[in-house]
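Spelled out from the first residue to the last, the chains are:
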Amino acid sequence: MSDPAYPPLSPYLMVKRGAEALDWYVRAFGAEVVERYDMEDGRLGHATLGLNGGSLMLSDEFPELADIVGTASPETLGGTTCSVNLSVDDVDLWFDRAIQAGAAALRPPADEFYGRHAKLRDPFGHVWSIISAARGA
């Protein structure tokens, strides 16, 4: 049984420059900060964001806890092992807003058989697929 405070599945992103990332997701994706815990050393210990009806969690990277945490930022890895799929009502609007905020375009918006789709890399190395369902689907 899931905890009613969190959706059954929530991506948890590991980043460097956590406070900066938190601000970026608010600007670029219109996210709302639900909770935020800063560490005494200035790193972001944990944050939960409400994003387009879902939940996104993130924190700064903690290399000294790598054996316990088990994750690293894309910057440390030299890439990412997955992408985040964000289903929206207007792919072009969401894509353009993220690009204006500093994301890198990997694939501009295009109509595909499954819907409208675009792909970008945020300034912290995470890859996002921005998608909407095919009309009439």
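Residues numbered from 1 in each chain as written. Predicted model: local features only at pLDDT ≥ 70, side-chain atom pairs only at ≥ 80, totals over all residues. Heavy atoms only, no water.

Let us now look at the packing of aromatic side chains. Applying the stated rule across the entire model yields nine aromatic pairs. Summarising the aromatic geometry, the rings of Y25 and F29 are spaced 6.3 Å apart at their centres and angled 15° between planes, so their arrangement reads as stacked. A residue pair is termed a helical-turn pair when its members lie 3 or 4 positions apart in one helix, as Y25 and F29 do in helix α1 (residues 18–29) at four residues. Accessibility classification places Y25 together with F29 in one group, the buried group. Between Y25 and W128 the ring centres are 5.9 Å apart and the planes differ by 50°, which places this aromatic pair in the tilted class. On the criterion of sequence distance, the pair formed by Y25 in helix α1 and W128 in strand β8 (residues 127–133) is long-range, its members being 103 residues apart. Each member of the pair, Y25 together with W128, is buried. Here a set of aromatic residues connected by ring pairs shows up, and it is made of W24, Y25, F29, W94, F124 and W128. The residue whose ring lies beneath R97 is W94, and the NZ or CZ to ring-centre distance is 4.7 Å. (Phe/Tyr/Trp six-rings, centres within 6.5 Å; stacked < 30°, edge-to-face > 60°. Helix = DSSP H or I, 4+ residues; strand = E, 2+ residues; numbered from the N terminus. Buried < 20%, exposed > 50% of the residue type's maximum accessible area, 1.4 Å probe, protein only. Lys NZ or Arg CZ within 6 Å of the ring centre and 35° of its normal.)

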